[in-house]
Amino acid sequence: MGNALLQSIHVHPVKAFRGLAPREAVVEPWGLAGDRRWALIDDGGKVVTQRQQPRLALAAAELVPGGGVRLSAPGMDPLTVAVPRPVGTVPVEIFRDKVEGILAEDMTAHAWCSHYLGADVRLVHMDDPATRRPVDPEYARPGETVSFADGYPLLLTTAASLDALNSLIAQGVHPAEGPLPMNRFRPNVVVAGTAAWAEDGWSHVAVGEVTFRVAKMCGRCVVTTTDQGTAARGKEPLASLGRHRRIGGKLVFGQNLVPLSPGTIRVGDPVTVLE
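What counts, and at which threshold
Residues numbered from 1 in each chain as written. Predicted model: local features only at pLDDT ≥ 70, side-chain atom pairs only at ≥ 80, totals over all residues. Heavy atoms only, no water. Helix = DSSP H or I, 4+ residues; strand = E, 2+ residues; numbered from the N terminus. Contact = heavy atoms within 4.5 Å. Polar contact = N/O pair within 3.5 Å; in protein donor to acceptor, adjacent residues only side chain to side chain. Buried < 20%, exposed > 50% of the residue type's maximum accessible area, 1.4 Å probe, protein only. Core = buried A, V, L, I, M, F, W, Y, C linked by side-chain atoms within 4.5 Å. Pairing = 2+ DSSP bridges. Axes fitted to C-alpha atoms, helices over the stretch in contact; angles between N-to-C directions.

Chemist: Describe unusual backbone geometry, listing the residues and the values that go with them.
Modeler: Pro179 follows Gly178 through a cis peptide bond whose omega is -10°. Examined against the element boundaries, Pro179 turns out to sit in the loop between helix H3 (159-170) and strand E13 (189-192). Look at the link from Glu236 to Pro237: it is a cis peptide, with omega at 10°. Along the chain, Pro237 falls in the loop between strand E15 (210-219) and helix H4 (238-244). If you check the backbone angles, Arg186 has positive phi at about 50° while not being a glycine. Its identity as a non-glycine residue notwithstanding, Ala231 has a phi of 75°, on the positive side. Within the secondary structure layout, Ala231 lies in the loop between E15 and H4.

Right, here's the structure in full:
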């Protein structure tokens, strides 16, 4: 796999919104700079994702200087939201984790998001990813933390594995749903030039100057069945993953990474398997 390289980078400023595809990104201990530092919560403090609201796929968020975001969505005027001052926190529940977040100060932001979804939601920011949320201790080392991502700082997928999965979909029960694009899996880094499913066996990998520990395979959910361009739901890829990629009770695609060193990654960087 001497020719493996970083094909693309993906940053999602607001969890569950459409992502950006920059040519380079700074790797921080808790993930790519600007990735999933914002999220929506419901009136009970639970994080809202495309699981509950597939229309979030059609909303976009761009980073603005200072860490703020510019929100846009169909039928909505764009809105720029600044990073709130850390004057007080609210409880945020993300899966089994209880963390603290800071509400957007501009009440317009909450109204904007609520109007778009037709549901009462609030926009929150994670002010200090270094202290707010530890990685799952079953798969973490002491001190490792994460943003509002599902569970780990970065998600890696490979182009060859997507090709293999699309072949399985073509031969399966719902061939008309394929081939699927990579955005169904909402990765942070996509690697080209490997064999299909090669990432299953990786434990440490370098992308350019940055090294990563491979924490665990990524179990997939209903979000992968959501067309990121229309918000419509189908059966794939979960149907095919269920037949061919059920590992440890999960339907898996991709690998969760934890950075071991800081640095900047760039599209075209060599990807080296260290062990």
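Structure shown, so let's carry the discussion forward.
Chemist: Account for the environment of Glu209, naming residues and giving values.
Modeler: Note that Glu209 resides in the loop between strand E14 (204-207) and E15. Ignoring sequence-local partners within four residues, the contact set of Glu209 consists of Ser261, Gly263 and Thr264. Among the polar contacts made by the side chain of Glu209, one reaches the main-chain amide nitrogen of Thr264 at a distance of 2.8 Å.

Chemist: Which residues make up helix H1 (residues 107-117), and what values go with them?
Modeler: Residues Ala109, His110, Trp112, Cys113, Ser114, Tyr116 and Leu117 constitute the buried set of H1. Buried residues along H1 sit in contact with strand E4 (38-41), strand E7 (69-72), strand E8 (79-81), strand E10 (97-103) and strand E11 (122-125).

Chemist: Quick one: what's the story with the nonpolar core, residue by residue and with numbers?
Modeler: Core analysis: the largest hydrophobic core is formed by 25 residues, its most contacted members being Val14, Phe17, Leu40, Leu71, Val81 and Leu123. Taken together, the elements giving at least two residues each to this core come down to E4, E7, E8 and H1. Apart from residues no more than four positions distant in its own chain, Val81 is found in contact with Trp38, Gly68, Val69, Leu71, Ala104, Ala109 and Leu123.

Chemist: Account for the side chain of Ser147, with residues named and values stated.
Modeler: Along the chain, Ser147 falls in the loop between helix H2 (129-132) and strand E12 (154-158). Looking at Ser147, the relative accessible area reads 1%, which means it is buried. For Ser147, the residues in contact, after removing those within four places along its chain, are Trp30, Asp35, Arg36, Arg37, Met126 and Arg133.

Chemist: Give me the sheet that holds strand E18 (residues 263-266): which residues, what numbers.
Modeler: Pairing within the open sheet is antiparallel, and its three strands lie in the order E3-E2-E18. The open sheet has two edge strands with one neighbour each: strand E3 (31-32) and E18.

Chemist: Can you tell me about the pairing of E7, naming the residues and giving the values?
Modeler: Every second residue of E7 is oriented toward a common face, the buried set being Val69 and Leu71 and the non-buried set Arg70 and Ser72. Where strand E6 (residues 60-63) meets E7, four bridges bridge the pair, whose relative direction is antiparallel. Its bridge partner lying in E7, Ala61 is registered against Leu71. Note: E7 against E8, three bridges, orientation antiparallel. By the bridge assignment, Leu71 is partnered in E8 with Leu79. Between the antiparallel neighbours E7 and E8 lie six residues, among them Gly75 with a positive phi of about 80°.

Chemist: Can you explain the sheet that holds E4? Please cite residues and give values.
Modeler: One open sheet accounts for five strands, arranged E5-E4-E11-E10-E9; its pairing is antiparallel. What marks the edges here is a single partner per strand, and that holds for strand E5 (47-48) and strand E9 (90-94). Direction of pairing for E10 relative to E11: antiparallel, over a ladder of two bridges. The residue of E11 that forms the bridge with Ile102 is His125. Against the sheet, H1 touches E4, E10 and E11, its axis set at about 125° to E11.

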